[in-house]
Amino acid sequence: MAKEGPSQACAACKFQRRKCGANCLLAPYFPPDQPKLFENAHRLFGVSNILKTLSVIDPSLRSDAMRSILYESDLRARFPVEGCAGAIRQVANQVYSALEELASLNEQIRQVENVSFPAGDSDCDGDGDGGGAAISQLMKEIAAFAQNMYDGQLYLGPQQPSENR
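Calculation criteria
Along each chain, numbering runs from 1 in the same order as the chain's sequence is written. With pLDDT at 70 or above as the cut-off, local features in this predicted model cover only qualifying residues; side-chain atom pairs require 80 or more to be listed or tallied, and sums for whole chains, interfaces and linings still use all residues. As a rule here, side-chain values come from all non-hydrogen atoms in the structure, and water together with hydrogens is ignored. Working definition: helices are DSSP H or I runs of at least four residues, strands are E runs of at least two. Numbering for both runs from the N terminus. Remark: exposure states derive from per-residue accessible area (1.4 Å probe, protein chains only) relative to the maximum for the residue type, with buried under 20%, exposed over 50%, and partly exposed in between. Throughout, a residue-residue contact means that at least one pair of heavy atoms, one from each residue, lies within 4.5 Å. Accessible surface area values rest on a Shrake-Rupley calculation with a 1.4 Å probe, where residue burial reflects the displayed protein chains alone. Multiplying one less than the number of residues by 1.5 Å gives the expected span of a helix. Definition used for salt bridges: Asp or Glu carboxyl oxygen within 4 Å of a side-chain nitrogen of Lys or Arg. Disulfide assignment relies on a single distance test, namely cysteine sulfur atoms paired within 2.5 Å. Known as pLDDT, the predictor's per-residue confidence is scaled from 0 to 100. Buried residues of nine kinds, namely Ala, Val, Leu, Ile, Met, Phe, Trp, Tyr and Cys, make up a nonpolar core once their side-chain atoms join them within 4.5 Å.

Draft legend 1. Inspection of the overall build of the protein at higher detail. Of the regular secondary structure elements, the protein holds six helices and zero strands. Ordered by position from the N terminus, the helices and strands of the protein form the series α-α-α-α-α-α. A buried classification covers 25% of the 165 residues belonging to the protein. Sequence-distant contacts, at least 24 apart, represent 50% of the contacts inside the protein between residues at least 6 apart. Here the protein displays about 11300 Å² of accessible surface, and carbon together with sulfur accounts for 54% of that area.

Draft legend 2. Representation of helix 4 (residues 62-78). If you check helix 4, its first and last C-alpha atoms are 24 Å apart, about what 17 residues at 1.5 Å a residue would give, namely 24 Å. Inspection of helix 4 places Ala65, Met66, Ile69, Leu70, Ser73, Asp74 and Leu75 among the buried residues, and these make up the whole buried set. Structurally, helix 4 contributes buried residues whose contacts are with helix 2 (35-44), helix 3 (47-56) and helix 5 (83-114).

Draft legend 3. Looking closely at unusual backbone geometry. A positive phi is found at Arg17, a non-glycine position, where the angle reads about 55°. On the secondary structure map, Arg17 appears in the loop between helix 1 (11-16) and helix 2.

Draft legend 4. Layout of the pattern of salt bridges. Within this structure, the stated rule accounts for four salt bridges. Here Glu82 and Arg89 are joined by a salt bridge, their closest N and O atoms 3.0 Å apart. Residue class for Glu82 comes out partly exposed when judged on its relative accessible area of 40%.

Draft legend 5. Highlighting the state of the cysteines. On inspection of all chains with the given rule, the structure shows zero disulfides. You can see Cys13 has no disulfide; the closest cysteine sulfur is in Cys10, sitting 3.5 Å from it. Take Cys13: its relative accessible area is 1%, and that puts it in the buried class.

Draft legend 6. Region of interest: the confidence of the model for the protein. For the protein, per-residue confidence averages 78 on the pLDDT scale, and 75% of positions sit at 70 or higher. Residue range residues 1-5 is modelled with pLDDT below 50. Its contacts to residues more than four positions away, or to other chains, number eight contacts. Considering only residues more than four positions removed or in separate chains, one finds that residues 155-165, a stretch of pLDDT under 50, has 15 contacts.

Draft legend 7. View of the nonpolar core. Ranked by internal contacts, the top residues of the largest apolar core, which has 20 residues, are Cys10, Cys20, Cys24, Leu26, Phe30, Ile50 and Met66. Those elements that place two or more of their residues in this core are helix 1, helix 2, helix 3 and helix 4. Residues Leu102, Ile135, Ile142 and Ala146 belong to the second largest nonpolar core, which totals five residues.

What follows is the structure in structure tokens.
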């Protein structure tokens with residue numbers, strides 16, 4: 001992170017009232033204008049543990065590790081009792097509800113497929129197959145939606161740093 005001047009210490013160095021050098025490991029993760037990020041991480045993990053974590057892991061993984069630390073400390077600050085476990089439980093409940101709804105919709109589709117209509121009444125898309133292609137397309141879209149939810153395409157990550165207070 002480029003410093004705007006010699007007096008722009010990162011939030012971690014400001015908190016500790018020390019000079020922020022060019023080799024400060026915490027500067028890229030704790031901007032000077034967002035002290036709450038550091039306070040939350042410091043309260044939960046402590047500076048020495050954060051520095052130990054950063055020093056023992058591969059430099060290419062540091063940003064991922066810090067994102068995890070920041071996410072966990074943010075959740076602990078917002079939900080002091082449950083922290084990450086509460087957020088995980090909430091997401092698991094949403095996935096469970098979505099899967100129940102998907103099962104219900106699949107059952108409804110099977111019921112519609114088994115209904116026999118008089119000739120000419122069931123062809124909703126006009127291609128002469130009795131609506132089978134439309135139902136098949138709907139089932140593919142539902143399956144794709146469920147797969148996206150299962151694959152984690154639903155983003156429930158931490159708030160952006162600008163939203164932290």
